[in-house]
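# Coordinate inspection notes
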Amino acid sequence: MYDLPAEIDVRAEGPLRIITLNRPDALNAVNDDLHTGLAHLWPRLSEDREARVAVLTGSGKAFSAGGDFGYLAELSRDADLRAKTIAHGRDIVLGMARCRIPVIAAVNGPAVGLGCSLVSLSDIVYIAETAYLADPHVQVGLVAADGGPLTWPLHTSLLFAKEFALTGARIPAARAREMGLVNHVVADPVAEALDCAKRILELPRQAVESTKRLLNLHLERAVLASLDYATTAEDLSFQTADFQATIERLTAGKR
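What this report covers is the structure whose coordinates are included nearby. (Residues numbered from 1 in each chain as written. Predicted model: local features only at pLDDT ≥ 70, side-chain atom pairs only at ≥ 80, totals over all residues. Heavy atoms only, no water.)

Turning to the packing of helix H5 (residues 148-155) against helix H6 (residues 158-167), a few remarks are in order. Put simply, H5 and H6 touch, their axes get as near as 8 Å, and they point 150° apart. Classified by the interaxial angle, the pair formed by H5 and H6 is roughly antiparallel. Seen along the crossing, H5 lies across H6 with a hand that is right-handed. Counting all contacts with H5, which are made through Pro149, Trp152 and Pro153, the residues of H6 involved are Leu158, Ala161, Phe164 and Ala165. A breakdown of the residues in the contact of H5 with H6 according to their chemical character gives seven nonpolar, no polar and no charged. (Axes fitted to C-alpha atoms, helices over the stretch in contact; angles between N-to-C directions. Helix = DSSP H or I, 4+ residues; strand = E, 2+ residues; numbered from the N terminus. Parallel < 35°, antiparallel > 145°, perpendicular 65-115°, else oblique. Left-handed = near helix turned anticlockwise from the far one by under 90°. Contact = heavy atoms within 4.5 Å. Nonpolar A, V, L, I, M, F, W, Y, C, P; charged D, E, K, R; others polar.)

On to the packing of helix H3 (residues 79-98) against helix H9 (residues 205-238). Here H3 crosses H9 at 165°, and the two axes come no closer than 8 Å. When the axes of H3 and H9 are compared, the pair comes out roughly antiparallel. Relative to H9, the crossing made by H3 is right-handed.

If you check which residues of H6 are buried, you get Ala161, Phe164 and Ala165. Within H6, the buried residues cover an arc of 100° as seen down the axis, which keeps them to one side. Exposed and oriented more than 90 degrees from the buried face of H6 are Leu159 and Leu166. (Buried < 20%, exposed > 50% of the residue type's maximum accessible area, 1.4 Å probe, protein only. Arc of directions from axis to C-beta.)

Our focus in this paragraph is the pattern of salt bridges. Working definition: two side chains of opposite charge can pair if their charged atoms are close together. This structure, assessed with the given rule, holds 12 salt bridges. Between Asp68 and Arg23 there is a salt bridge, and its shortest N-O distance comes to 3.5 Å. Taken together, the positions of Asp68 in the loop between strand S4 (64-65) and helix H2 (69-77) and Arg23 in the loop between strand S2 (16-21) and helix H1 (32-47) put the pair 45 residues apart, joining distant regions of the chain. Owing to a relative accessible area of 18%, Arg23 belongs among the buried residues under this scheme. (Salt bridge = Lys/Arg side-chain N within 4 Å of Asp/Glu carboxyl O.)

Before going further, it helps to examine the sheet that holds strand S3 (residues 53-58). If you walk across this open sheet you meet the six strands as S1-S2-S3-S5-S7-S10, and the pairing is mixed. For this open sheet the edge positions go to strand S1 (8-13) and strand S10 (184-186), each flanked by a neighbour on one side alone. Going from strand to strand, the sheet's axes swing by 20° on average, the running direction of each strand aside. (Pairing = 2+ DSSP bridges.)

Shown next, in the form of structure tokens:
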């Protein structure tokens, strides 16, 4: 559906759209196809006039385990791919901020890097008791242009945002709930997210969509204030010796 790569599965159930990140053997780590698909997904979802609410989850054991190391290594070498990816990162952030319908995240497992960003850009979040969030961009020498530093200050205190963005430490589900980064810690996030979606479907459509837009104007304005700086800084960080040494170590023996 929506002519997306196989790494993103979109299933329609009436006006409900169930979006599944679909690289289970790689823990839904982000490669070029998945990243490109996410950039194209959100405007197409908004243009789907039959859609009224979406649930976003991951296949297998993870929501998304961050960036594929091979893909990250390629980004450090290929300027054209890097430029496309940086532009797509911007598209993902603004696409989610401007998405017409509510997006409910069902965090079934670890949400790392871009996975963590997708959670922070969703409208309502259910997370499994054993799952966690983490934004380890700094640990590998990158600036998170589309990650936690961009959106966390809207959800939690600036001090908490700094702590977890600067250290890349994991945020267990219960702690994420305490900090305001997720709404609910549950045994079955997919089932709970689907129940929430069905409740939203019972509400007046125009009121739901306009209320989401009203709330997300705050998100969009905050994002636009820092996004250009963030994308420029991320582009530069891909070219640093620190990042290249780290990714060389992480991919050693995998070629």
